[in-house]
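# Chains, contacts and geometry: an overview
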Amino acid sequence: LDEGPRSCLLRVRHRLEQDMKPSYIMDHMITDGVLTVDEEEKIRTRATRKDQAAALLELMLRKDNRTYISFYNALIKETYDDLASLLHADLPRTSPTAYKSFPDGYTPYVRTVLSEGGVPQRPVVFVSRPELLNRVREKLYQLQKEPGWVTIFGMAGSGKSVLAAEAARYHSLIEECFPGGIHWLSIGQLDKPDLLVKIQSLCFRLEQELDPQLHHRPPNSLDEAKERMRFLMLRRYPRSLLILDDIWDTSVLKAFDIQCRILLTTRNRSLVDSVSGAKYEVEVASGLDEKKGLEILALYTNRKMHGLPEEARSIVKECKGSPLVVSLIGALLKEKPDRWHYYLRQLQQKQFKRIRKSSSYDYDALDQAMAASIEVLPEEHRELYKDFTVLEKDIKVPAKVLSILWDLPIEEVEDILEEFANKSLLFMDTNNKPYLYYLHDLQLDFLIEQNRNEIESLHTKIVLQYQQYYRDGHPTSGDEECQYWIRFLTDHMAKANLTQELYSLMFSLDWVTVKSQVMSPAHLINDYIAHGPILDKENSDVRSQFQEFLSLNGHQLEHRPDVVQLALSEPLTSEVYRQARMQALQQSSRG
Ligand code: ADP
């Protein structure tokens with residue numbers, strides 16, 4: 001079977017298994033000579049209709065194109081028109097024309113593929129950048145026949161992620177080059193355990209799509225994760241595209257060096273030097289040109305381009321066409337349409353210059369625009385927005401986390417978040433249900449800089465709010481909210497300088513039990529390493545006892561066993577053992 005039909009079968013197999021009656025289909029296929037009677041009998045021994053369907057599909061994956069065509073015809077004859085239509089596009093030597101009525105190639109099919117792969121939608125106000133876009137797509141077409149890397153590189157906030165998502169939003173590109181699907185992964189600055197978690201969840205997503213019943217053990221180490229991905233991409237998702245957004249570090253790319261097709265965005269052009277395979281690159285050299293910048297302002301303010309005041313041009317020039325900054329100003333003007341001159345002056349005067357540039361960007365204009373956007377918020381929302389300072393970069397949170405942090409009902413929180421999003425102060429990932437919220441990392445840089453004297457107290461606030469809400473015990477549901485807390489609680493404590501809290505949490509077997517249930521042991525071990533210097537001030541022996549316990553039992557902990565039972569095999573002098581014994585005694589006295 002060619003790659004195209006094979007990946008199509010893999011994609012739609014659940015639908016097929018659900019709906020078709022294999023016995024009728026097989027009759028036709030035997031008549032066509034693509035299935036033997038022996039094979040049919042073997043399939044018929046399966047207990048249920050669904051099992052039989054699954055077995056037939058499994059067999060077809062090992063056969064040739066003729067089988068696929070015969071199968072397709074059989075579906076038509078048995079009037080499974082809707083199922084047949086799923087296979088139609090990948091029939092060998094046919095070229096579908098159905099999508100021609102969608103001029104920009106953004107068909108319902110594209111929408112489904114992108115949403116399944118977690119590709120972000122267009123920003124609410126969006127302008128096309130056809131020249132750049134074509135350059136990216138042209139490179140992506142190079143990946144049709146062989147695996148390789150396409151890099152989009154350029155400054156922060158220059159629109160790389162939006163461009164990457166847009167490039168994939170194109171029917172014939174997906175159909176001709178990536179029928180296996182498009183899978184989006186936001187990376188950002190992260191360390192090894194976080195990278196492992198990202199890959200674990202990617203593998204989980206891909207495996208679930210293939211078979212929701214399947215429960216593979218998550219890969220334990222980066223090497224194992226790499227092998228798992230290699231298998232998935234090669235065997236199960238041939239001809240699919242991985243989009244890795246915002247890569248900082250070569251070690252990340254090395255984990256993906258598995259001979260697949262990758263589009264990545266980065267600020268660092270030379271990252272791909274360290275990996276093998278065909279490489280192509282597109283530079284986003286400058287911001288938007290004047291016309292595009294004006295178009296954004298016009299869209300936000302609901303005016304015609306030629307009806308914009310003369311300040312508009314200067315605003316675009318002042319922020320060097322940065323899409324991020326123009327969008328921030330546009331959102332401001334939408335609310336206060338008579339402030340063109342005022343915002344231009346703010347940008348020019350650099351009166352917020354006192355905000356030191358904290359990291360990797362060189363837009364004074366961003367500081368100006370952010371400060372202005374925050375300034376127009378109602379006082380109480382300004383305070384709430386400040387709380388985002390404590391979020392990690394590239395981490396998306398559900399509204400529930402903020403509802404605990406702000407001690408407000410979830411509906412109210414959602415309204416506030418929508419207001420922030422409308423002002424481009426916050427972004428929403430609506431692919432996920434519940435929605436997830438996040439800031440551009442330049443915006444976080446800005447907040448950290450602006451609130452640098454309050455970092456400790458802001459982290460303290462989030463810890464206290466958590467403790468207040470979960471005074472009866474840590475959450476263990478495993479949903480997004482729970483994951484956030486279990487993953488970041490210790491970091492917040494450390495940054496809040498709440499060392500006492502940190503000791504008692506991390507030197508407790510209960511916490512180990514909860515965290516190993518919700519996250520990987522790799523995360524836990526990393527916590528003990530990352531906070532080692534603080535913990536050692538309290539008791540370095542206990543710290544290493546916990547760390548060793550985890551390092552030695554990491555494998556078993558993946559299987560969610562009884563942590564107390566495992567801990568009872570620790571040396572008698574270990575704190576881990578002492579706590580386990582106490583819990584065991586309590587349990588036995590209770591029951
Ligand atoms: P990068 O990935 O280079 O840091 P992004 O792609 O995240 O930058 O873009 C930053 C912001 O700029 C977006 O959230 C959006 O508000 C705005 N933006 C980027 N590209 C466009 C575009 N083509 N049209 C409108 N706004 C855009």
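In this convention, every chain numbers its residues from 1, walking through the sequence in written order. This being a predicted model, a pLDDT of at least 70 is required before a residue's local features are given, and a value of 80 or more before pairs of side-chain atoms are given or counted; all residues contribute to the totals for chains, interfaces and linings. Excluded from the side-chain calculations are hydrogens and water; all other atoms, namely the structure's heavy atoms, are used.

### Points about the overall build of the chain
- Secondary structure elements are defined from DSSP: runs of H or I of at least 4 residues count as helices, runs of E of at least 2 residues count as strands, and each element is numbered from the N terminus. Each helix and strand counted, the chain has 30 helices and 8 strands in total.
- Think of it in three bands: with a 1.4 Å probe and only protein chains considered, a residue is buried below 20% of the maximum accessible area for its type, exposed above 50%, and partly exposed in between. Across the 591 residues that make up the chain, the buried fraction comes to 53%.
- In what follows, residue pairs with any heavy atoms lying within 4.5 Å of each other are defined as contacts. In the chain, the share of contacts with a sequence separation of at least 24, taken over all contacts with a separation of at least 6, comes to 70%.
- Accessible surface for the chain amounts to roughly 27200 Å². Of this, 48% is attributable to carbon and sulfur atoms. The method behind every accessible area is Shrake-Rupley, applied with a 1.4 Å probe, and residues are considered shielded solely by the protein chains displayed.

### Concerning the sheet that holds strand β5 (residues 278-284)
- Strand pairing is assigned whenever DSSP detects at least two bridges linking the two strands. The 5 strands are arranged β2-β3-β4-β1-β5 in an open sheet whose pairing can be described as parallel. Where the open sheet ends on each side, the last strands, each with one partner, are β2 (182-186) and β5. Averaged over all pairs of adjacent strands, the angle between strand axes in this sheet comes to 15 degrees, irrespective of strand direction.
- Note that β2 and strand β3 (residues 241-247) share 5 bridges and pair parallel. Its bridge partner being in β3, Ile182 is matched across the sheet by Leu241. Helix axes use the C-alpha atoms of the stretch in contact, all axes being lines fitted to C-alpha atoms, and the angles between their N-to-C directions lie in the range 0 to 180 degrees.

### What to know about helix α7 (residues 108-116)
- Those residues of α7 that sit buried are Val110, Val113 and Leu114. Around the axis of α7, the buried residues are gathered within 95 degrees of arc, so they sit on the same side.
- Those residues of α7 hidden inside the fold are in contact with α9 (160-168), α10 (171-177) and β2.
- Backbone geometry just after α7 places Gly118 at a positive phi near 75 degrees. Think of the arc as the fan of directions from the helix axis to the C-beta atoms.

### Looking at the packing of aromatic side chains
- Only rings of Phe, Tyr and Trp enter the pairing, Trp through its six-membered ring, and a pair is recorded when the two centres are within 6.5 Å. The plane angle decides the type: under 30 degrees is stacked, over 60 is edge-to-face, the rest tilted. Within the structure shown, the criterion is met by 14 aromatic pairs.
- Ring geometry for Tyr466 and Trp485: centres 5.0 Å apart, planes at 45 degrees, overall tilted. Here Trp485 lies in helix α24 (residues 480-495) and Tyr466 lies in helix α23 (residues 455-469), a separation of 19 residues in the sequence.
- Between Tyr469 and Tyr470 the ring centres are 4.8 Å apart and the planes differ by 75 degrees, which places this aromatic pair in the edge-to-face class.
- The partly exposed category is assigned to Tyr469, whose relative accessible area is 44%.
- Counted as over-ring charges are cases with an Arg CZ or a Lys NZ within 6 Å of the ring centre that also lie within 35 degrees of the ring normal. Above the face of the Tyr170 ring, Arg137 is positioned so that its terminal group lies 4.2 Å from the ring centre.

### Here we look at the sheet that holds strand β8 (residues 436-438)
- Spatial strand order, β6-β8-β7: 3 strands in an open sheet with antiparallel pairing. A strand with exactly one partner marks an edge of an open sheet, and here the two such strands are β6 (397-398) and β7 (427-429).

### Some thoughts on unusual backbone geometry
- The omega torsion of the bond from Lys433 to Pro434 falls at -5 degrees, within 30 degrees of zero and hence cis.
- Looking at the element boundaries, Pro434 is found in the loop between β7 and β8.
- The backbone of Asp246 sits at a positive phi, close to 65 degrees, despite the residue not being glycine.
- Within the fold, Asp246 resides in strand β3.
- Judged by its relative accessible area of 10%, Asp246 is buried.

### Comments concerning the site of the ligand
- A molecule or strand has a residue near it when one of that residue's heavy atoms lies within 4 Å. In the vicinity of the ligand there are 17 residues, among which Val127, Gly157, Lys160, Ser161 and His440 approach most closely.
- The definition of a polar contact used here is a pair of N or O atoms within 3.5 Å, where within protein one atom must be able to donate a hydrogen and the other to accept one, and adjacent residues in sequence count solely through side-chain atom pairs. A distance of 2.6 Å separates an oxygen atom of the ligand from a polar atom in the side chain of Ser161.
- Residue Ser327 places a side-chain N or O atom 3.5 Å away from an oxygen atom belonging to the ligand.
- When the ligand is considered free in solution it has 560 Å² of accessible area, and contact with the protein chains removes 92% of it.
- Sorting the residues of the shell around the ligand by element identifies α9 and α16 (323-335) as the ones contributing at least two each.

Fair warning: the whole summary comes from geometry, so function is off the table for now.
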